[in-house]
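Listed below, chain by chain, are the residues.
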4 protein chains.
Amino acid sequence: MVRIALIGAGFIGSVHATNLAEHPEVEFVGVHDLDAPRAAALAARSQTRALDLDQVFDAQSTDAVLIASSTDSHADHLRHAADAGLATLCEKPIDLDLTRANEVVAEIGVPGAPMMVDFNRRFDRDHAELQRSVRSGDIGTVELVQMTSRGPALPPFGYIEASGGQMRDQAVHFFDLARWITGEDPESVFATGSVFTDPRMAHLGDVDTSAATLRMPSGALVQIDCTRRTGYGYDERIEVLGSDGLIESGRHRVGSVVRYGSGRVVGDGLHAGWFERVAPTYRAALDHFLAAITSGAAVGPTLGEALKAQAVAEAATRSLESGRLARISYPVLVSTPAR
Amino acid sequence: MVRIALIGAGFIGSVHATNLAEHPEVEFVGVHDLDAPRAAALAARSQTRALDLDQVFDAQSTDAVLIASSTDSHADHLRHAADAGLATLCEKPIDLDLTRANEVVAEIGVPGAPMMVDFNRRFDRDHAELQRSVRSGDIGTVELVQMTSRGPALPPFGYIEASGGQMRDQAVHFFDLARWITGEDPESVFATGSVFTDPRMAHLGDVDTSAATLRMPSGALVQIDCTRRTGYGYDERIEVLGSDGLIESGRHRVGSVVRYGSGRVVGDGLHAGWFERVAPTYRAALDHFLAAITSGAAVGPTLGEALKAQAVAEAATRSLESGRLARISYPVLVSTPAR
Amino acid sequence: MVRIALIGAGFIGSVHATNLAEHPEVEFVGVHDLDAPRAAALAARSQTRALDLDQVFDAQSTDAVLIASSTDSHADHLRHAADAGLATLCEKPIDLDLTRANEVVAEIGVPGAPMMVDFNRRFDRDHAELQRSVRSGDIGTVELVQMTSRGPALPPFGYIEASGGQMRDQAVHFFDLARWITGEDPESVFATGSVFTDPRMAHLGDVDTSAATLRMPSGALVQIDCTRRTGYGYDERIEVLGSDGLIESGRHRVGSVVRYGSGRVVGDGLHAGWFERVAPTYRAALDHFLAAITSGAAVGPTLGEALKAQAVAEAATRSLESGRLARISYPVLVSTPAR
Amino acid sequence: MVRIALIGAGFIGSVHATNLAEHPEVEFVGVHDLDAPRAAALAARSQTRALDLDQVFDAQSTDAVLIASSTDSHADHLRHAADAGLATLCEKPIDLDLTRANEVVAEIGVPGAPMMVDFNRRFDRDHAELQRSVRSGDIGTVELVQMTSRGPALPPFGYIEASGGQMRDQAVHFFDLARWITGEDPESVFATGSVFTDPRMAHLGDVDTSAATLRMPSGALVQIDCTRRTGYGYDERIEVLGSDGLIESGRHRVGSVVRYGSGRVVGDGLHAGWFERVAPTYRAALDHFLAAITSGAAVGPTLGEALKAQAVAEAATRSLESGRLARISYPVLVSTPAR
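Keep in mind it's a predicted model, so treat the numbers as computed, not measured. (Residues numbered from 1 in each chain as written. Chains lettered and ligands numbered in written order. Predicted model: local features only at pLDDT ≥ 70, side-chain atom pairs only at ≥ 80, totals over all residues. Heavy atoms only, no water.)

J.: Where do I start with the relation of the copies chain D and chain B in this structure?
T.: Copies of the same chain, two in number, are related to each other by a rotation about an axis and a translation along it. Turning chain D through 180° and shifting it by 0.0 Å along the axis lays it on chain B, with an RMSD of 0.0 Å. The relationship between the two copies is best expressed as a two-fold rotation axis. Within chain D, Glu22(D) has its C-alpha nearest the rotation axis, a separation of 4.0 Å. When the interface residues of chain D are mapped onto chain B, 100% of them again lie at the interface, so the same face is used by both copies. (Least-squares fit on C-alpha atoms with pLDDT ≥ 70 in both. Contact = heavy atoms within 4.5 Å.)

Spelled out as structure tokens, the structure:
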């Protein structure tokens, strides 16, 4: 049994809490939140207890910590967890400020226990199968990748304002997937975007619809489209063209019911919300993290990999703002190879 | 060039006329119809000439004859074509009366040239690929066959009245396919049916919706559903389960356009009419017939095979009327093996 | 919170135990099994305790009982649960012997609390959506139903021997679905079957491949094929043709990954085993049962409905053995309407 | 009957010849080719006669001319056809040199008869249905377009050398489709490309794999990927995301046969070659051209529209070579609105 403490009792925190409470290999030692009553309520629902931060980081009673608090607190919690030698699973990003994120990772250096950033799309069953297939050479050399990331509806404005923009918040998942699938660090990015949903997006300097193109050292090209509001549900899709074939991780539907009428065949729709599609990935990420702790398997994405995805997002944001191709520079100290 | 004469200038006749006129290996010598002006008009449209029956059956000027006249004339035309030693492609059935059909085939004996009955579903691209795959052993031993035959709308009542009933008119195509796919002659049939479209069907003793079950000597089972009016288009489907897998010849859609909306995904519909789906089979059947003539390849379905399909339809009609399982007896003289 | 006791700690019992332990509205009071150590082990894994039968049926501490013990014990447990006035969810069948099953249900009469038989296919998301749609009139009047039930591999022989045969064990689920979808009690059944997997099946008088045709009072026809060993996974499919369209509950695949190669497009396969497909239905059935208890919603399938499905299976077995159409007679005392 | 003469007896010329010969509303007056025996042979096969250029452009005997000769001759033939007042359907491009193409179109001015450039993808059944749906407002305002254009195998090197490069030869079809679907003239393009098939491509300064992003005045974004060699067949796909939904013109398969095996479901593949997919578009383009002639319907794409697609390709080529975003400037004189 791995003893895990949770920081953060918001929506994602409570998703983790359920997974921790039900997992047969986890002892869920407790939950901390700045908002103590919220922590207490989640603890009660999850048959565990509320903790203060000293208890969370107490290596006597805790093996691992799961960081699901607000973004601006990630960096500090990561540092404390590293100091305590605890295995750590942290929601992305390390910090919205890439410089600060780099500093924290530099300070941590080579961690004594698995430290993982929860880019949860890696743990989607179909994306993972696609990646495994591509990296095992099933389609030969990768030549072209198409990725589609489309949210069902504009998130609340408060969320948008704090998000760092579409590249840092939404596209960054696919920058990470692009590295993970191809095994390469992109060398340049061109991004362009527009606002179709709400004029306030433009006032924030953000976009709701964007197209990004990554170029890999091998010459492989990656096209990513991101939108915030489809109206028809959560739409995510990846296809990878290689020298020996194409592999696709296709759209998900909520069911397999089909109705045949005059002139048309109507199937079930896509998931109405992002969470319906993404829900299983949190548990799968937890399983991966636990395997790294208990069996010594390599963990991924590491802090270094998370920084790389963030560096791509930073360059993409520059490109979006300038209208020019942006070269991507990666933090020097990071020696983590692409996985 | 094979010199071919056509008998019958109705709808199916004109389909054949177009194919004969365009076929690079065919010299379309002319068309005959009881209704002389109709023959003349079709001949004009097809850049050929109207013929009388003597000209049709004149082996000096004709190599082959295509019989697409009314059902009650098929038997006589077949006999004359056989007498003249002409290769013959005849629309089904040989005769609605199985006894008379048997007699004609008995009189013809072993024909001197390829004589083929146009069970055109054998020439559907997908059904043919399925049959080829099954007969080549791709799915091992056949255990179960499911067939769906559903027309878009009730045919005109005049057609229904002259059709011989749903087993002899519609299901018979699938009795033939069942034999062709499995390579076996069914030994018994159970059929039951209902009327949902028009009460006059019941007065005719006919049904518009039926379920038939064939049993093969090997123990393989075949389920066939036939309906006359779907409202959503022409629906035809076959699946064959074998000891080593399943193969399906699936529904056809008119296109590949898909529309994603809230809660549903809408694809293009099925073909509105039977002809849209079936149109290419007439040309493919003609190609097969020509190959039998010019290269000596075996022709199929032969007259004997057509009789067998008809014998199944006869037994199915008995079962439908009696509510009992019917044993199928085949004409003794037919020695044609299942193909 | 509904206090539920479980009888049976075998495979299905442990599936129920997990659902009971995780359900937020259930207090899982304990588990009983004839094999006491097995009960104790399951109780420990599920954070509950082992019970003797008196504790199970003690209405002071228990609101409801879930019967997942061996088939021959169902009838007695049902009677005891009814005597104690407990809500009851019982695995099918009530008893393999229809006469005994009828007696038990007659003795119970009108139960004081919801009593439900777990025909779990009713709780498949897609089948349920299809039924809801059909019963709400989306496709007009039902004319034809096609059902496919194909297991991936022959079950262990011990299971087969005790199963009562393919009609009573496997097809019975689809007889129940047919009643539930159409809202009609079939009046006759024709069934025929074969053995392809293991000659011992024939010695038992059982079959592994069968085709059954039900006829409804309205004239609607139902074709059901059942096989025991596909080799390609668990294959279940329903389609319902009505006067206003067709609705289909399609095959399930394990994922949405597609690979495009020369001449072929390869998608993910079907579920390897039946349980992968069926797993969520146990939880959904439990939810339905709880709703009947807590909100007074109607429960289904009731004991009477289970008897009806069993009566169809009995007639189908007779037809299979005799090669004749069998009329279906239903127990007189059962007044439960089709639902 | 419209009297049509054909220039060019190569592969595409002979495709047109078959369509002209079979079309019920066309009188196929003859064919011209620089290679006289080739013209004669095609004329014989098509039951028409070989013509010299004077005969082709003789308005006494010809209503319309179809230009399918080598690219460098298009401009001259267009000018002669315009001078003669003949309706003209010309294979793309007008001229590989945009300056010369502009000059010719300027000289022609407002033609006295329909003059159309054969961007045949507009006449694909599914693309056309998508365009009709988008332009009729079914999906609201266009926000994002994804287009995939992938050839099965590298064309012969001689073809590549004369093609003008991937933007001018392959992507240009999709630049035209992008304008046609959105009704907008793109204002900028970013393109990047790589060579994966044959190093000689790089020596030519060409690429075989490219990603292009167009930006429309409305802010709509268009991503296009083009590749020359998939290995799995001809792969073409379009999807358009609007404010009210998504519409997709999906991949085409050669058939609807599906095989279910252990762990996988195998469908028919894509078309092996580009022509199998594209063949029907030539006839549909001819029908459109005839409708413009006989009923006065607007013709499209016009010469002006073809120039616009070419202007986009020119800018895309600049972007590909420079690694920078390229603004697109359109010929001043062209007043043709986007259609």
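From this point, things continue past the structure.
J.: So what exactly am I meant to see when it comes to the pairing of strand β8 (residues 209-215) of chain A here?
T.: Residue and element names in this part refer to chain A. Within β8, seven of the seven residues are buried, which leaves it mostly tucked inside the rest of the structure. Residues of β8 alternate between two faces, with Thr-209, Ala-211, Thr-213 and Arg-215 on one and Ser-210, Ala-212 and Leu-214 on the opposite face, all of them buried. Both strand β7 (residues 188-194) and β8 contribute to a ladder of seven bridges, which runs antiparallel. Counted as the bridge partner of Gly-193 is Ser-210 from β8. (Buried < 20%, exposed > 50% of the residue type's maximum accessible area, 1.4 Å probe, protein only. Helix = DSSP H or I, 4+ residues; strand = E, 2+ residues; numbered from the N terminus. Pairing = 2+ DSSP bridges.)

J.: When you look at the pattern of salt bridges in this model, what are you seeing that I'm missing?
T.: Side chains that carry opposite charge are capable of pairing whenever their charged atoms lie near each other. According to the stated counting rule, one finds 120 salt bridges over all chains in the structure shown. For the salt bridge of Arg3(B) with Asp63(B), the shortest nitrogen-to-oxygen distance reads 2.9 Å. Here Arg3(B), found in strand β1 (residues 2-7), pairs with Asp63(B), found in the loop between α3 (53-56) and β3 (64-67); they are 60 residues apart in sequence, far enough to count as distant. Several salt bridges share partner residues, and in doing so they unite Arg150(A), Asp225(A), Asp235(A), Arg251(A), Arg237(D), Glu239(D) and Glu248(D) into one network. (Salt bridge = Lys/Arg side-chain N within 4 Å of Asp/Glu carboxyl O.)

J.: Could you clarify how one ought to interpret helix α4 (residues 74-84) of chain D in this entry?
T.: Residues separated by three or four positions in an α-helix point in the same direction, a consequence of the helix having 3.6 residues per turn. Residue and element names in this part refer to chain D. The complete set of buried residues in α4 reads His-74, Ala-75, His-77, Leu-78 and Ala-81. For α4, the buried positions fall inside an angular range of 165° around the axis, keeping them on one side. Two residues or fewer past α4, Gly-85 is found with a positive phi of approximately 75°. (Arc of directions from axis to C-beta.)

J.: What should I look at first to understand the packing of aromatic side chains in this one?
T.: Two aromatic rings, taken as a pair, are described by how far apart their centres are and by the angle between their planes. The final tally for this structure, using the stated rule, is 22 aromatic pairs over all chains. Centroid distance Phe11(B) to Trp274(B): 6.3 Å. Interplanar angle 80°. Geometry classified as edge-to-face. One end of the pair, Phe11(B), is in helix α1 (residues 11-22); the other, Trp274(B), is in helix α10 (residues 274-295), and 263 residues separate them in sequence. Given the relative accessible area of 48%, Phe11(B) is considered partly exposed. Members of the aromatic cluster, connected to one another through ring pairs, are Phe11(A), Trp274(A), Phe275(A) and Tyr282(A). Above the face of the Tyr330(A) ring, Lys308(A) is positioned so that its terminal group lies 5.8 Å from the ring centre. (Phe/Tyr/Trp six-rings, centres within 6.5 Å; stacked < 30°, edge-to-face > 60°. Lys NZ or Arg CZ within 6 Å of the ring centre and 35° of its normal.)

J.: I'm lost on the interface of chain B and chain C in this one. Help?
T.: It is common to report an interface's size as the accessible area lost on association of the parts. Listed as interface residues are 40 residues of chain B and, on the opposing side, 40 residues of chain C. Contact between chain B and chain C buries roughly 3,000 Å² in total, counting both sides, with carbon and sulfur atoms accounting for 54%. Contact with chain C buries surface across chain B, with Glu143(B), Phe196(B) and Gln223(B) losing the most and accounting together for 17% of the total. Counting across the chain B and chain C interface gives six salt bridges. Glu239(B) serves as the salt-bridge partner of Arg150(C), at 2.8 Å between the closest nitrogen and oxygen. Seen at the junction of chain B and chain C, the total is 18 residue pairs in polar contact (both at pLDDT 80 or more). Secondary-structure elements contributing two or more residues to the side of chain B that touches chain C are β6 (142-150), β7 (188-194), β8 (209-215), β9 (221-227), β10 (235-242) and β11 (245-249) of chain B. Looking at the side of chain B that touches chain C residue by residue, the classes come out as 13 nonpolar, 17 polar and 10 charged. (Buried area = accessible area lost by both parts, 1.4 Å probe. Polar contact = N/O pair within 3.5 Å; in protein donor to acceptor, adjacent residues only side chain to side chain. Nonpolar A, V, L, I, M, F, W, Y, C, P; charged D, E, K, R; others polar.)

J.: Would you mind going over the sheet that holds strand β5 (residues 115-118) of chain B with me for this structure?
T.: Strand pairs in the sheet, formed through backbone hydrogen bonds, run parallel or antiparallel to each other. Residues and elements named next belong to chain B. As summarised here, the arrangement of the five strands in space is β2-β1-β3-β4-β5, forming an open sheet in which the pairing is parallel. Each having just a single partner strand, β2 (26-32) and β5 make up the two edges of the open sheet. Averaged over neighbouring strand pairs, the angle between their axes works out to 20° when direction is ignored. Sheet topology places β3 next to strand β4 (residues 87-91); four bridges connect them, and they run parallel. Following the sheet pairing, Val-65 is matched in β4 by Thr-88. Each of β1, β2, β3, β4 and β5 is contacted by α1, which is oriented at about 165° to β1, the strand it contacts most. (Axes fitted to C-alpha atoms, helices over the stretch in contact; angles between N-to-C directions.)

J.: Before we go on, may I ask you to explain the relation of the copies chain B and chain C in this structure?
T.: For the match of chain B to chain C, the screw axis carries a shift of 0.0 Å, the RMSD comes to 0.0 Å, and the turn is 180°. Both copies share a contact surface, since 100% of the interface residues of chain B are interface residues in chain C too.

J.: Looking at this structure, how should I read helix α5 (residues 98-108) of chain D?
T.: All names here are of chain D. Looking only at α5, the buried set comprises Leu-98, Ala-101, Asn-102, Val-104, Val-105 and Ile-108. Down the axis, α5 shows its buried residues gathered within 165° of arc, on one side only. Close packing links the buried residues of α5 with α4, β5 (115-118) and α11 (303-322). The opening residue of α5, the one whose side-chain oxygen lies 2.9 Å from the backbone nitrogen of Thr-99, is Asp-97. Among the residues trailing α5, Gly-109 stands out with phi positive, at a value near 65°.

J.: Explain the sheet that holds strand β4 (residues 87-91) of chain C to me, please; I cannot follow it from the model alone.
T.: All names here are of chain C. Overall, parallel pairing links the five strands, which are arranged β2-β1-β3-β4-β5 in an open sheet. Across the chains shown, the open sheet's two edge strands, defined by having one partner strand only, are β2 (26-32) and β5 (115-118). Each neighbouring strand pair of the sheet contributes to a mean axis angle of 20°, computed without reference to strand direction. Of the pairings in the sheet, the one linking β4 to β5 comprises four bridges and is parallel in character. Bridge pairing links Thr-88 to Met-115 in β5.

J.: Would you explain the interface of chain D and chain B in this entry?
T.: Across the boundary between the two partners, chain D contributes 23 residues, which contact 23 residues of chain B. Note on chain D versus chain B: buried area summed over both sides is about 1,700 Å², and carbon and sulfur give 42% of it. Inspection of the region where chain D meets chain B yields six salt bridges. Here Asp138(D) makes a salt bridge to Arg259(B), at a shortest N to O gap of 3.5 Å.

J.: What exactly am I supposed to notice about the packing of helix α1 (residues 11-22) of chain C against helix α10 (residues 274-295) of chain C here?
T.: In helix packing, the relevant descriptors are the interaxial angle and the interaxial distance, both defined with respect to the helix axes. All names here are of chain C. With their axes 10 Å apart at the nearest point, α1 and α10 run at an angle of 50° to one another. It follows that α1 is oblique to α10 by the angle criterion. The two elements α1 and α10 cross, and the hand of that crossing is right-handed. Each of Phe-11, Ile-12, Val-15, His-16, Asn-19 and Leu-20 in α1 lies in contact with α10, whose residues at this interface are Trp-274, Phe-275, Tyr-282, Arg-283 and Leu-286. Of the residues contributing to the contact of α1 with α10, the split by class is eight nonpolar, two polar and one charged. (Parallel < 35°, antiparallel > 145°, perpendicular 65-115°, else oblique. Left-handed = near helix turned anticlockwise from the far one by under 90°.)

J.: Please explain the UniProt feature "domain: Gfo/Idh/MocA-like oxidoreductase N-terminal" (unreviewed entry) in chain A as it appears in this structure.
T.: Under the local residue numbering, the UniProt record ascribes the feature "domain: Gfo/Idh/MocA-like oxidoreductase N-terminal" (unreviewed entry) to residues 2-109 of chain A. The span residues 2-109 of chain A is 44% helix and 19% strand, and its two end C-alpha atoms sit 24 Å from each other. (UniProt positions renumbered as here; feature names shortened; annotations may be inferred.)

J.: Explanation requested: the environment of Leu78(B) in the structure shown.
T.: All names here are of chain B. Here Leu-78 shows up in helix α4 (residues 74-83). A relative accessible area of 1% places Leu-78 in the buried class. Residues Leu-78 and Ala-284, 206 residues apart in the sequence, show an inter-C-alpha distance of 21 Å. Sequence-distant contacts of Leu-78, that is, excluding residues within four places in its chain, are made with Ile-67, Thr-88, Cys-90, Ile-94, Ile-108, Met-115 and Leu-303.

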